[in-house]
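The lines below spell out each chain.
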Amino acid sequence: MGGKRRHGSARFVALAAAWTATAVVAAAEYAHWRASRQLFGPRREARAGDTDAVVVLGYPAAADGRTRALQRWRCRIGARSLPPDRDGFLIFSGGAVHGPWVEATVMADYTRTHLGVPPERVRTETSAETTWQNIEFTVPALERADRIMIASDPMHAARARRYLWAQRPDLAARLVPAADYRPLERWWLKIPTAAHESAAISRRRAGAAAIPLLRRLGLISETAAASMAAEDRDD
């Protein structure tokens, strides 16, 4: 009798764990799918003679300079987003933020070597240290682009699109979807990236709600309020 109870308990635990894991994966998938459909300009079909610019957001390399899984995923998203039959380029953005390896250089080399993107279609921006700077420092390269895409995991790309709307609405109006979301692609990476971006969204919303009240109560200065508002840009 006791053996049956233990077997039943073990089965219940296994089923609960399986359902929990499925729910976590499904929640991450939905969050990334939803983000992949947000913050674009007016719908615009590609036309002959258009130039496409794909901004690929950087991520730190491994200690020995090899690419990490998240870097390779972003590179693949960027490469498949660049139409082979139209004028355009990839621009990788990211400096040596967490070590000696320049994120943009490592990712550009991987894309040329392993994904077959011609060198003449690859550019780099090697100074950015945050997502806000990824956008800020690639703006000069985007000025002449007719269509702009941002390549990263979908939730991160959505945040970068929001930054472009904040910095240059005229360029943001040219935003079109990248080929970023594919069901269950790299689902094991979607879970931590969804958690990270969801936490950032929660912090931003909480800060946006708290700042006006704190200012009215005289508990923070204008400088402190501006600093709190800028914290969203530091990632």
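Scroll up for the structure.
Model, not experiment: these values are computed from the prediction.

Note on strand geometry: in a regular strand, side chains alternate between the two faces of the sheet. Among the 7 residues of strand E2 (residues 87–93), 6 are classified as buried, and the element is accordingly described as predominantly covered. Where strand E1 (residues 51–57) meets E2, 7 bridges bridge the pair, whose relative direction is parallel. The residue bridging Val-54 from the neighbouring strand is Leu-90, located in E2. Read as a crossover between parallel neighbours, the route from E1 over helix H2 (residues 69–81) to E2 is right-handed.

Our next topic: the environment of Tyr-59. Structurally, Tyr-59 is set in the loop between E1 and H2. Here Tyr-59 falls in the partly exposed class, since its relative accessible area comes to 31%. Separated by 12 residues in sequence, Tyr-59 and Gln-71 have C-alpha atoms that sit 5.9 Å apart.

Structurally, Val-55 can be placed in strand E1. Beyond its immediate chain neighbours, meaning those up to four positions away, Val-55 contacts Ile-91, Thr-138, Leu-142, Met-149, Ile-150 and Ala-151.

Read from one edge to the other, the open sheet built from 4 strands follows the order E3-E2-E1-E4, with strand pairing classed as parallel. Both edges of this open sheet fall to strand E3 (122–125) and strand E4 (147–151), since each of them pairs with a single strand only. Looking at each pair of strands side by side, their axes are set apart by 25 degrees on average, direction ignored. In the sheet, E2 pairs with E3 via 4 bridges, with the strands oriented parallel. Within E3, the residue paired with Leu-90 across the bridge is Val-122.

With that out of the way, let us pick up helix H5 (residues 154–167). With 14 residues, H5 should cover 20 Å at 1.5 Å per step; its first-to-last C-alpha distance of 20 Å lies within 8% of that length. Buried residues of H5: Pro-154, Met-155, His-156, Ala-157, Ala-158, Arg-159, Ala-160, Arg-161, Tyr-163 and Leu-164, and no others.

Our next topic: a nonpolar patch on the surface. On the surface, Leu-184, Trp-187 and Trp-188 cluster together into a nonpolar patch covering about 350 Å² of accessible area. Relative to the elements of secondary structure, Trp-187 occurs in helix H7 (residues 187–216). By relative accessible area, Trp-187 is classed as partly exposed at 39%.

Parameters at a glance
Residues numbered from 1 in each chain as written. Predicted model: local features only at pLDDT ≥ 70, side-chain atom pairs only at ≥ 80, totals over all residues. Heavy atoms only, no water. Buried < 20%, exposed > 50% of the residue type's maximum accessible area, 1.4 Å probe, protein only. Helix = DSSP H or I, 4+ residues; strand = E, 2+ residues; numbered from the N terminus. Pairing = 2+ DSSP bridges. Right-handed = clockwise from strand over helix to strand, strands pointing away. Contact = heavy atoms within 4.5 Å. Axes fitted to C-alpha atoms, helices over the stretch in contact; angles between N-to-C directions. Expected span 1.5 Å × (residues − 1). Patch = residues over 30% accessible without salt bridge, like charges linked within 9 Å, V, L, I, M, F, W, Y side chains within 5 Å. Areas by Shrake-Rupley, 256 points an atom, 1.4 Å probe, with all protein chains shown as cover. Salt bridge = Lys/Arg side-chain N within 4 Å of Asp/Glu carboxyl O.

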